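Topology and contacts: notes
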Amino acid sequence: MAETVPRGYRSATEYRFCEEHTDAIVQATAYHRKDYGRSVIWVSPREHINISPWIATPFPRTSDAGLKLSLFDRLPLELLIDVLMHLDMYSLMKLRQTCLRLREVVDSLKPYQMVVSHGLNLLCALLRTRLATRVSLSDFYHTLCTKACTLCGEFSGFVFLFTWNRYCFKCLQEAPETQVQTLADVRNEFDLTEAELDQLRPLSFETLPGIYSMDESTHKSRIAVVSVPQVRFVSGRQPHVPDQEPTANTERKRRNKEFTFMASCALPYHDKQTGEVEHGMSCAGCQLALDRYILGFRGEYYTLQARNKVYAKDGFLEHFRWCKQAQLLWMSSDEGRSPALPDVCRRGGEFKERE
């Protein structure tokens, strides 16, 4: 961290702190970017209240009568668990509804408990986009327990539905691997044949109505979209984009970037060893540096990048050792007892309030 922070931004020496202060330091100097999570597929917590009992609560029963598993009852428990772990999420949810005993077995699985507790938003997205048939419980749990971005290795708070890979917010927006377009657009730009379209249709899905991107664009209809790298693989061709006016080309890129948001969902990280769940945190000190224009015009790009970065807890604490503004926030907080976060940090980012 010390080598990458510009002079005038970093502290002169490494800040040292006791392990017992780490939670207080995080509380006083870090915040979660709620706006990032709401720029992608997002389901209101009010809807979760209605869904949670259906997917996470066993049926009440007064006796053990009628709890036979039929053919499943003949399987050794280890084999039954292996079968359930490799079922796709849609089939697992349907199987869970067939009888009380199966529901209890599914609910007893720790991976299932973790998925419905911490991945409910993503599970809803899979079911509503009809992509739940492509992802097994084992796949879901593995991704929930994956910390690093597939491309850059930084903390990754998002899942790209087409590839089921983890990405950080920066890579999600900018990487060629996450490019998405409508089926109608790729048909024209790649000059696709009917046979190629027939191969791509099962790989596509219809987006969900909602508010997407950091511009908070509203989309009221469902649109069939597909991954651009998958189109390149199927067709073996590069796109032919007709010459357009600069304004039209900029609008086209902006619209296509929105489709990436519509094909992604936030997912926290679950540490299997500690049991902790991390949603990612950003530095309030870096937000303060941006507000105060610490580096001036020449340092604005770095300050923006630093403000936008999302860390796991250990990564943030390493950043804190050299972030002068974060250290000033900590020292002014009376060791976390009176944190004074900037307004945008208290709100969880820059977005219009939603329920």
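Residues numbered from 1 in each chain as written. Predicted model: local features only at pLDDT ≥ 70, side-chain atom pairs only at ≥ 80, totals over all residues. Heavy atoms only, no water.

**Observations regarding the overall build of the chain**
Put simply, the rule is: The secondary structure listing takes helices from DSSP runs of H or I that are at least 4 residues long and strands from runs of E that are at least 2 residues long, numbered from the N terminus. Each residue is assigned to one of three classes by its accessible area relative to the maximum for its type, calculated with a 1.4 Å probe on protein chains only: buried under 20%, partly exposed between the two thresholds, exposed over 50%. Here, two residues are considered to be in contact whenever any of their heavy atoms come within 4.5 Å of each other. Method for areas: the Shrake-Rupley scheme with a 1.4 Å probe, in which residue coverage is limited to the protein chains shown.
Within the chain, the secondary structure is distributed over 19 helices and 12 strands. Across the 355 residues in the chain, those meeting the buried criterion constitute 48%. Counted over contacts in the chain with a minimum sequence separation of 6, partners at least 24 positions apart contribute 75%. About 18600 Å² of surface is accessible on the chain, with carbon and sulfur atoms providing 52% of the total.

**Here's the deal with the nonpolar core**
Short version of the rule: Note on terminology: a nonpolar core comprises buried Ala, Val, Leu, Ile, Met, Phe, Trp, Tyr and Cys residues joined through side-chain atoms within 4.5 Å.
Core analysis: the largest hydrophobic core is formed by 63 residues, its most contacted members being Tyr112 and Phe140. Counting residues per element, this core draws most heavily on helix α8 (residues 120–129), which supplies six residues. Here Phe140 is in contact with Met89, Val115, Gly119, Leu122, Leu123, Leu126, Val135, Trp164 and Leu267, once residues within four sequence places are set aside. Ranked by size, the runner-up nonpolar core spans 20 residues in total, among them Ala24, Tyr311, Ala326 and Trp330.

**Re the side chain of Ser264**
Structurally, the position occupied by Ser264 is in strand β9 (residues 264–266). Setting aside residues up to four positions removed in sequence, Ser264 forms contacts with Val40, Ile41, Val159, Phe160, Leu161 and Leu172.

**Description of the pattern of salt bridges**
We apply this condition: We count a salt bridge whenever a side-chain nitrogen from Lys or Arg sits within 4 Å of a carboxyl oxygen from Asp or Glu.
This model, assessed by the stated rule, comprises 18 salt bridges. Here Glu350 ties to Arg307 by a salt bridge, and the two come within 3.7 Å at their closest N and O atoms. With Glu350 in the segment after α19 (343–347) and Arg307 in helix α16 (residues 300–308), this residue pair connects regions lying 43 residues apart in the sequence. Taking the relative accessible area as the measure of exposure, Glu350 reaches 43% and is therefore partly exposed. A relative accessible area of 8% means that Arg307 is categorised as buried. Here the salt bridges share partners, and the residues they tie into one network are Glu14, Arg16, Glu318 and Arg321.

**Some words on the sheet that holds strand β8 (residues 224–227)**
To be explicit about the condition: DSSP bridges decide pairing: two strands pair if at least two such bridges lie between them. Geometry is summarised by axes, namely lines fitted to C-alpha atoms with helices restricted to the contacting stretch, and by angles between N-to-C directions that run from 0 to 180 degrees.
The three strands lie next to each other as β4-β8-β5, forming an open sheet whose pairing is antiparallel. The open sheet is flanked by β4 (180–182) and β5 (205–206), the only strands paired with a single partner. As judged from the three bridges shared by β4 and β8, these two strands associate in the antiparallel manner. In the strand pairing of β8, Gln181 is matched with Val226. Each of β4 and β8 is contacted by helix α13 (residues 228–235), which is oriented at about 70 degrees to β8, the strand it contacts most.

**Let's talk about the pairing of β8**
In terms of strand pairing, β5 meets β8 through two bridges, oriented antiparallel. Directly across from Glu206, in β8, lies its bridge partner Ala224.

**Comments concerning the sheet that holds strand β2 (residues 158–160)**
Within the open sheet, the three strands sit side by side as β3-β2-β9. Their pairing is antiparallel. The open sheet is flanked by β3 (165–167) and β9, the only strands paired with a single partner. Across the sheet, the axes of successive neighbouring strands diverge by a mean angle of 35 degrees, strand direction being ignored. Pairing analysis gives three bridges linking β2 to β9, with the strands arranged antiparallel.

**Brief notes about unusual backbone geometry**
The phi torsion at Asp191 lies on the positive side, around 50 degrees, for a residue other than glycine. With respect to the helices, strands and loops of the structure, Asp191 is situated in the loop between α11 (183–189) and α12 (194–200).

**Re the packing of helix α1 (residues 22–29) against helix α17 (residues 313–320)**
Stated formally: For classification purposes, angles smaller than 35 degrees are called roughly parallel, those larger than 145 roughly antiparallel, those between 65 and 115 roughly perpendicular, and all remaining angles oblique. Amino acids are sorted into nonpolar (Ala, Val, Leu, Ile, Met, Phe, Trp, Tyr, Cys and Pro), charged (Asp, Glu, Lys and Arg) and polar (every other residue, Gly among them).
The geometry of α1 relative to α17 is characterised by a closest axis approach of 11 Å and an angle of 80 degrees between their N-to-C directions. Our classification of the angle between α1 and α17 gives roughly perpendicular. Of the residues in α17, those touching α1 at Thr22, Asp23, Ile25, Val26 and Thr29 are Lys313, Phe316, Leu317 and Phe320. Split into classes, the residues belonging to the contact of α1 with α17 amount to five nonpolar, two polar and two charged.

**Focus on the side chain of Ser11**
Definition in use: Pairs of N or O atoms within 3.5 Å make up the polar contacts considered here, provided that, within protein, one atom can donate a hydrogen while the other can accept it, and that residues adjacent in sequence are counted only when both atoms are side-chain atoms.
Within the secondary structure, Ser11 is located in the segment before α1. Engagement of the side chain of Ser11 in a polar contact is seen with the backbone oxygen of Thr13, the distance being 2.8 Å. Within the structure, the side chain of Ser11 is placed 3.3 Å from the side chain of Gln327, a separation counted as a polar contact. Among residues more than four places away in sequence, those in contact with Ser11 are Arg321, Trp322, Lys324 and Gln327.

**Looking at the environment of Phe158**
If you trace the backbone, Phe158 turns up in strand β2. Placed 122 residues apart in sequence, Phe158 and Tyr36 show a C-alpha to C-alpha distance of 9.3 Å. Sequence-distant contacts of Phe158, that is, excluding residues within four places in its chain, are made with Tyr36, Gly37, Val40, Asn165, Arg166, Tyr167, Cys168, Phe169, Leu172, Cys265, Ala266 and Leu267.

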